[in-house]
Amino acid sequence: MATVKKPTSRADFRIAIICALAREADAVALLCDEFWDDDGDIFGRATGDTNMYVTARLGIHNIVLAVLPAMGTTNAAVAAAGLRSSYSNLKLALIVGICGGVPKIRGNSAFLGDVIVSKTIIQYDYGRQYPGHFAVEKTVDDSLGRANKDIRGLLASFETEFGHERLKTKAAAHLKYLQEAAARKHRRADYYYPGMTRDKLFLPTYRHSHRDSYDTCCGGSINICEVAAKASCEEVGCSETSLVTREHTRGEGDYCPDIFIGCLGSGNMVMKSGEDRDRIATQHDIIAFEMEGAGAWDEVPCIVVKGICDYSDSHKNKGWQDFAAATAAAVAGALLKWYIRDDGHEAIHGNSRQEASVKAAAEDQNQLTSVKFGEQNSGFQAGIINGPVSGLTFGGK
């Protein structure tokens, strides 16, 4: 069992993890080696901070985990400000969870369960609405800027083919450990791969709507009724003749996600339009859409790590959320493996049960990397969005 100097105050924490949903935090918690607050909170919080925290050790790092009261950039900004006031020595915050993906990233296919990692962030719903045209604010004062040198250096190491492959190998091992831990604890969430047959990408122009002639949202209408929006594709009758045919090169056995690094679109609106998704992504190298990164970006040094649970179109469903939360947690855990501790960090001796299990799984996975991981993808660039953002909805993921 690993031995680590137990933190004595909030000043001993350098790493934070922020989750917007309980299902995201549950996945992260399964990777923690030990919890410092099993007998109740011992660290407290700063005056005015309303966040609730879980303190733990994940690998060689003491971490503080915060779960947002609700989704969105505003809630993330408030939570991040409180986190910064209570844990003033933080060096890195990971925003871990689920997101809507872009199915094609720089010529490579992204599938459900794959993970995106932020290099930069664009708040795509902040700007001015003109007649027939929405302009995103892109002045220096309004820009979110780029990450600090510490984070840029870490991400640059994962953009090499060697670093990228090594990160995926370690993430695969963490995912396997998480799945086995959930099974042992009889968790209700299903963190296993749902299967290729359930990974369905429809043409961007094919809307998720009722097909019966008597329904107001049927046919070519741009409006989708509330009932259809909450129903599955099977329930509303979406035709599989409108599916996009893609070659899936990864096996279903011990499925391992691919990892994409680039610019994320962040805002308080859920992207549910395949046409708007493709227009924005193609023009500006957006690789995914999420709802918390822009809020926390200016408050704490952060990296967004999120699993793709839908394709940011009207056919979104919740069937992939648990698996996507698990893959994101696994990549976050793997990323921290290579985050270098400064001289103020505690010393670690030996290996915990998790570390030993992950190491063994990584060694097994490393032998299969060239077969399982498929396409490599690195070196994404950021862009500034300028265009209408119709087809989006406010609310939950």
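It should be emphasised that the depicted structure is a prediction, and the values quoted were computed from it without experimental measurement.

A. How the structure looks around the overall build of the chain. When helices and strands are tallied, the chain shows 11 helices and 17 strands. Taking all 397 residues of the chain together, the buried fraction comes to 55%. For the chain, long-range pairs separated by at least 24 residues make up 82% of all intrachain contacts whose partners lie at least 6 apart in sequence. Counting only carbon and sulfur atoms, one obtains 50% of the accessible surface of the chain, whose full area is about 17,400 Å².

B. Layout of the packing of aromatic side chains. In the structure shown here, the tally under the stated rule is 7 aromatic pairs. Between Tyr-53 and Tyr-87, the ring centres sit 5.2 Å apart and the planes meet at 80 degrees, which makes this aromatic pair edge-to-face. Taken together, the residues Tyr-53 in strand 4 (residues 53–58) and Tyr-87 in the loop between helix 2 (73–86) and strand 6 (92–101) connect sequence positions 34 residues apart. By relative accessible area, Tyr-87 is classed as buried at 1%. Aromatic ring contacts, followed pair by pair, group Phe-13, Phe-43, Tyr-53 and Tyr-87 into a single cluster. Between the NZ or CZ atom of Arg-184 and the centre of the ring of Tyr-177, over which it lies, the distance is 5.9 Å.

C. Broad picture of the environment of Met-291. Tracing the sequence through the fold places Met-291 in the loop between strand 14 (286–290) and helix 8 (293–296). For the pair Met-291 and Thr-73, spaced 218 residues apart in sequence, the C-alpha to C-alpha distance is 5.8 Å.

D. Layout of the nonpolar core. Counting residues in hydrophobic clusters, the biggest one holds 92 residues, and the most contacted among them are Ile-17, Leu-94 and Ile-303. If you tally residues by element for this core, the top one is helix 9 (residues 321–337), at 12 residues. Among residues more than four places away in sequence, those in contact with Ile-303 are Leu-92, Ala-93, Leu-94, Ile-95, Val-117, Ser-118, Ile-151, Leu-154, Leu-155 and Leu-335. Among the nonpolar cores identified, the runner-up in size contains 10 residues, and Val-102, Cys-263, Met-271 and Ile-286 belong to it.

E. Quick look at the pattern of salt bridges. By the definition in use, this model includes 13 salt bridges. Here Arg-57 ties to Asp-33 by a salt bridge, and the two come within 3.6 Å at their closest N and O atoms. Of this pair, Arg-57 sits in strand 4 while Asp-33 is found in the loop between helix 1 (22–29) and strand 3 (34–35), placing the two residues 24 residues apart along the sequence. Like Asp-33, Arg-57 is buried.

F. Quick peek at the packing of helix 1 against helix 9. Direction vectors running N to C along helix 1 and helix 9 enclose 45 degrees, while the axes themselves pass 8 Å from each other. Put simply, helix 1 runs oblique to helix 9. The two elements helix 1 and helix 9 meet at a crossing, and its hand is right-handed. In this structure, helix 1 contributes Arg-23, Glu-24, Ala-27 and Val-28 to the contact, and helix 9 contributes Gln-321, Asp-322, Ala-325, Ala-326 and Ala-329. For the contact of helix 1 with helix 9, the residue count by class is 5 nonpolar, 1 polar and 3 charged.

G. Structural view of helix 4 (residues 161–184). For helix 4, spanning 24 residues, the distance from its first C-alpha to its last is 35 Å, which sits close to the expected 34 Å at 1.5 Å a residue. Directly after helix 4, the chain includes His-186, whose backbone phi takes a positive value near 55 degrees.

H. Local environment of helix 3 (residues 149–158). Taken residue by residue, helix 3 has Ile-151, Leu-154, Leu-155 and Phe-158 as its buried positions. Relative to the axis of helix 3, the buried residues are bounded by an arc of 95 degrees and lie together on one face. Buried residues belonging to helix 3 abut strand 6, strand 9 (115–123), helix 4, strand 12 (259–266), strand 15 (302–310) and helix 9. N-capping of helix 3 is provided by Asn-148, with a side-chain oxygen placed 3.2 Å from the backbone N of Asp-150.

I. Molecular detail of the pairing of strand 2 (residues 15–19). Among the 5 residues of strand 2, 5 are classified as buried, and the element is accordingly described as predominantly covered. The alternating pattern of strand 2 places Ile-15, Ile-17 and Cys-19 on one face and Ala-16 and Ile-18 on the opposite face, and all of these are buried. When strand 2 meets strand 5 (residues 61–67), the two strands line up parallel, connected through 5 bridges. By the bridge assignment for strand 5, Cys-19 is matched with Val-67. Bridging between strand 2 and strand 6 involves 4 bridges; their strand directions are parallel. When the sheet's bridge partners are listed, Ile-17 is paired in strand 6 with Leu-94.

J. Region of the structure containing the environment of Ala-16. By the secondary structure assignment, Ala-16 is in strand 2. Placed 39 residues apart in sequence, Ala-16 and Thr-55 show a C-alpha to C-alpha distance of 9.2 Å. Once you skip the residues sitting within four places of it in the chain, Ala-16 turns out to touch Val-64, Leu-83, Leu-90, Leu-92, Ala-93 and Leu-94.

K. Region of interest: the side chain of Lys-306. Position of Lys-306 among the secondary structure elements: in strand 15. Taking the relative accessible area as the measure of exposure, Lys-306 reaches 1% and is therefore buried. For Lys-306, the side chain forms a polar contact with the side chain of Glu-290, separated by 3.0 Å. A polar atom in the side chain of Lys-306 sits 2.4 Å from the side chain of Glu-292.

L. Looking closely at the side chain of Asp-276. For Asp-276, the position within the fold is in helix 7 (residues 274–284). We classify Asp-276 as buried; its relative accessible area is 8%. Side-chain polar atoms of Asp-276 contact the side chain of Arg-279, separated by 2.9 Å.

Conventions adopted
Residues numbered from 1 in each chain as written. Predicted model: local features only at pLDDT ≥ 70, side-chain atom pairs only at ≥ 80, totals over all residues. Heavy atoms only, no water. Helix = DSSP H or I, 4+ residues; strand = E, 2+ residues; numbered from the N terminus. Buried < 20%, exposed > 50% of the residue type's maximum accessible area, 1.4 Å probe, protein only. Contact = heavy atoms within 4.5 Å. Areas by Shrake-Rupley, 256 points an atom, 1.4 Å probe, with all protein chains shown as cover. Phe/Tyr/Trp six-rings, centres within 6.5 Å; stacked < 30°, edge-to-face > 60°. Lys NZ or Arg CZ within 6 Å of the ring centre and 35° of its normal. Core = buried A, V, L, I, M, F, W, Y, C linked by side-chain atoms within 4.5 Å. Salt bridge = Lys/Arg side-chain N within 4 Å of Asp/Glu carboxyl O. Axes fitted to C-alpha atoms, helices over the stretch in contact; angles between N-to-C directions. Parallel < 35°, antiparallel > 145°, perpendicular 65-115°, else oblique. Left-handed = near helix turned anticlockwise from the far one by under 90°. Nonpolar A, V, L, I, M, F, W, Y, C, P; charged D, E, K, R; others polar. Expected span 1.5 Å × (residues − 1). Arc of directions from axis to C-beta. Polar contact = N/O pair within 3.5 Å; in protein donor to acceptor, adjacent residues only side chain to side chain. Pairing = 2+ DSSP bridges.

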